[in-house]
Amino acid sequence: MTARTPNPLRTTLAALEISRWALLQAVLTGAAATSSAVALLAVSAWLITRAWQMPPVLDLSVAVVAVRALGIGRGVLRYAERLGTHHLALHGLVRLREQVYTRLATTPLAGHPVQGLRYGDVLARIGADIDRIGDVVIKSMVPMASAALVGVASVGLSACFNGWAALGLAAALLVSGVLSPWWSYRLGQASQAELVAAHAAVSAALHTHLQARQELRVAGRIHTHRQVVADAEARLAAAHQRAARPHQWADAVHLLAMLGAVAAALVAGQQAVAAGQLSAPAWGLLCLLPLAAVEVCAGLPSAALQMAASTAAAARISALLRPEDSAPPTAETVAAPVQSGVGLVADGLEVGWQHPLPDLPRDLLVQPGQMVLLTGPNGSGKSTLGLTLAGLLPALAGRITADAPVFYAAADGHIFGTTLRDNLLLACPDPCAEGVEADLWQALEQVGLADWARELPEGLDTPLASGGASMSGGQRRRLLLARALLTQARYLILDEPTEHLDADGAAGVWDLLHQLADQRRYGILAITHTPHPQRSEGNARMCHLTTLSCTFSSEE
């Protein structure tokens, strides 16, 4: 027997850590608010019918006060229900996002499904998809439970006056509150999954268009990619239309169920009044009660469709929370460390996103105290090789081993819209350790940013613009290099470490890398398409290095 696949929505809802008592309070408050609306219509019907008989005004005083109390109570209770459900959902979303971020930060990315996603898709998952998980509490769970309680109470109240009318109301509630939402859910599963995927596709296309607009313009593909975005939006619009069809069927079924319940109350009530078993005011109440009771179920098909959408979103979130359930088997990569002192070793390596890239080195050794230059033209696969060696991209074949942590510094590493201190601390293994302040300044001193940091208005606490917009390209590159030094990794894979630097600045960075390899015994793989600067005293091999290898040239 095969193991039963856990329901992704149930698994993800468990991650919200919602208090059952708080959820019960929200359901009871919602049921009380809905009951006030139903009772308001019922009492109003009795009051109007009884007033027609012109009784003493004192006979109507209780009903008049009840109408006022129910009208006020409906609004107050609905507001309290909104506060309770949103409190539950928002706090649950905080916990869910925290778990997703923690899992992404602590799970090895080799073979992780996030590696096959575009940035825009990842943003859609941790943004809109997680919000849809919270919506299932507000728009599905609480309304469904509240409607169930009110429906049972309404049938019980109707049964107190006439059994046949209660039976007709129960049948109408069964059709409108159970069968119609269930059928809407079944019809909407595929369309809601398509809608969620279409939203993610638009997000990914827009993100690519906005982030790479300069490159697309230079390549002459900006208009082509605008059409890609337009096509994604057209597919989203079509998905919205298909997702609306279950609503149409549900509205028709709801109206028919309501008419049937009212007709049953009219017929049964008429016979009861003729037989002297029911008063005229009670008959009025009995006829108008189905209007309010069945109306409670009007939103349940939408709640069912929201559950279908949240289930589709939960499946996408589960791939981040439980990557072992969705990640395909990969080649043996980044396995157990080899014996101490051997270094970062690649044996029979094949790298690529889907197919192996040709002419890349299959065997590689980077030892402590050694710097290896990997050069070649743009698009030849240098960055892909670096990602694979760092364990951020699964190898298609071969084996990678390392006797110490490996850190990959991307050429487009992100500068966050927070303080300089926080941008550095995120690379520290223990940001709260003693002496971390001195480590930050030492890293800035090594990369040549200490004087710039001291001149900032608030020093390390100066806010930086998101993306590094408040820094020059050279300052941004040096800050990314400072992060690499703070990670305490012994093997650094640096993608374009001298990009955006002038000749003197680039020479200073190369000097720093030479010192790290020679004096601090770092193993460094520098990925670059620019030639290594030569020194006046000789070639690069004389720069206090154990070994400097430039064997991987344009052949990659």
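A quick note: this is a predicted structure, and the numbers were derived from the prediction, not measured. (Residues numbered from 1 in each chain as written. Predicted model: local features only at pLDDT ≥ 70, side-chain atom pairs only at ≥ 80, totals over all residues. Heavy atoms only, no water.)

Colleague: Would you mind going over the overall build of the protein chain in detail, with residue names and values included?
Modeller: The number of helices and strands found in the protein chain is 15 helices and eight strands. Relative to its 556 residues, the protein chain shows a buried fraction of 45%. Here the contacts in the protein chain between residues at least 6 apart in sequence split such that 79% fall between residues at least 24 apart. Taken as a whole, the protein chain presents about 28,000 Å² of accessible surface, with 60% of it coming from carbon and sulfur. (Helix = DSSP H or I, 4+ residues; strand = E, 2+ residues; numbered from the N terminus. Buried < 20%, exposed > 50% of the residue type's maximum accessible area, 1.4 Å probe, protein only. Contact = heavy atoms within 4.5 Å. Areas by Shrake-Rupley, 256 points an atom, 1.4 Å probe, with all protein chains shown as cover.)

Colleague: A description of the pattern of salt bridges should follow, citing residues and the corresponding values.
Modeller: Counted under the stated rule, the structure contains eleven salt bridges. Of the charged contacts in the structure, one is a salt bridge between Glu17 and Arg95, with a shortest N-O distance of 3.9 Å. Here Arg95 lies in helix α3 (residues 58–106) and Glu17 lies in the loop between α1 (8–16) and α2 (20–52), a separation of 78 residues in the sequence. For Arg95, a relative accessible area of 27% gives the class partly exposed. (Salt bridge = Lys/Arg side-chain N within 4 Å of Asp/Glu carboxyl O.)

Colleague: Describe the layout of surface pockets, naming the residues involved and giving the relevant values.
Modeller: By volume, the second largest pocket is sized at about 460 Å³. Forming the boundary of the second largest pocket are 19 residues, of which Thr34, Arg78, Pro143, Glu295 and Val296 lie nearest the centre. Those elements that provide at least two residues to the lining of the second largest pocket are α2, α3, α4 (119–161), α8 (280–295) and α9 (300–321). The leading source of residues in the lining of the second largest pocket is α4, at six residues. Residues belonging to the lining of the second largest pocket are distributed by class as follows: eleven nonpolar, three polar and five charged. (1 Å grid on protein atoms, 1.4 Å probe; cavity = no way out; pocket = protein on both sides within 12 Å on 5 of 7 lines; lining within 4 Å. Points joined across faces, edges and corners; volume = space filled by probe spheres on them. Nonpolar A, V, L, I, M, F, W, Y, C, P; charged D, E, K, R; others polar.)

Colleague: Lay out a nonpolar patch on the surface in plain terms, naming residues and giving numbers.
Modeller: Residues Leu174, Val175, Val178, Leu179 and Val253 make up a contiguous nonpolar surface patch of roughly 370 Å² in combined accessible area. Examining the composition of the nonpolar patch, we find that four residues originate from one element, helix α5 (residues 163–211), more than from any other. Assignment of secondary structure puts Leu174 in helix α5. (Patch = residues over 30% accessible without salt bridge, like charges linked within 9 Å, V, L, I, M, F, W, Y side chains within 5 Å.)

Colleague: Any details on the sheet that holds strand β2 (residues 364–366)? Residues and values, ideally.
Modeller: Spatially, the three strands line up as an open sheet ordered β2-β1-β4, and their pairing is antiparallel. With partners counted over all chains shown, the strands left at the sheet margins are β2 and β4 (397–401), one partner each. Averaged over neighbouring strand pairs, the angle between their axes works out to 10 degrees when direction is ignored. Where strand β1 (residues 344–350) meets β2, three bridges bridge the pair, whose relative direction is antiparallel. (Pairing = 2+ DSSP bridges. Axes fitted to C-alpha atoms, helices over the stretch in contact; angles between N-to-C directions.)

Colleague: For the environment of Pro463, give the residues involved together with the corresponding values.
Modeller: Its place among the elements puts Pro463 in the loop between α13 (450–455) and α14 (473–486). Its relative accessible area of 53% is what places Pro463 among the exposed residues. Considering only alpha carbons, one finds Pro463 and Leu420, 43 residues apart in sequence, at a separation of 6.2 Å. Filtering out sequence-adjacent residues up to four positions away, Pro463 remains in contact with Thr418, Thr419 and Glu458.

Colleague: So what about the side chain of Thr384? Which residues, and what values?
Modeller: If you trace the backbone, Thr384 turns up in helix α10 (residues 382–389). If sequence neighbours within four positions are ignored, Thr384 has contacts with Val351, Gly352, Trp353, Leu357 and Leu393.

Colleague: I'd love a proper account of the pairing of β1, names of residues and values included.
Modeller: Relative to β4, β1 runs antiparallel, the two sharing four bridges. In the strand pairing of β4, Val345 is matched with Thr401.

Colleague: Give me α8: which residues, what numbers.
Modeller: An α-helical segment advances 3.6 residues per turn. Residues three or four places apart therefore align on the same side. Over its 16 residues, α8 extends 24 Å from the first C-alpha to the last, a length consistent with the 22 Å expected when each residue adds 1.5 Å. In α8, a bend of some 30 degrees at Leu288 exceeds every other bend along the element, and Pro290, a proline, comes one to four places later. Every buried residue of α8 is listed here: Pro281, Ala282, Gly284, Leu285, Leu286, Cys287, Leu289, Pro290, Ala292, Ala293 and Val294. (Expected span 1.5 Å × (residues − 1). Bend = angle between axes of the 7 residues up to and from the residue.)

Colleague: Give me empty space enclosed by the protein: which residues, what numbers.
Modeller: In this structure the tally under the stated criterion is one cavity of 30 Å³ or more. Size it by volume and the largest cavity reaches roughly 50 Å³. Lining the largest cavity, in full, are Ala409, Arg477, Leu480, Leu481, Leu494, Asp495 and Pro497. Sorting the residues of the lining of the largest cavity by element identifies α14 and β6 (491–495) as the ones contributing at least two each. A total of three residues in the lining of the largest cavity trace back to one element, the largest contributor, which is α14.

Colleague: Explain the nonpolar core to me, and be specific about the residues and the numbers.
Modeller: Grouped together as the largest cluster of nonpolar side chains are 43 residues, with contacts concentrated most on Leu420, Leu424, Trp452, Leu479, Leu494, Leu513 and Ile524. Going through the elements one at a time, β3 (370–375), α11 (420–425), α12 (436–447), α13, α14, β6, α15 (503–519) and β7 (523–528) are the ones with two or more residues in this core. With sequence-adjacent residues up to four places away left out, Leu479 is seen in contact with Ile415, Leu420, Leu424, Leu449, Leu464 and Met471. Formed by 22 residues, the second largest nonpolar core is a distinct cluster that contains Leu360, Ala390, Ile493 and Ile527. (Core = buried A, V, L, I, M, F, W, Y, C linked by side-chain atoms within 4.5 Å.)

Interpretation in functional terms is not warranted from these geometric data alone.
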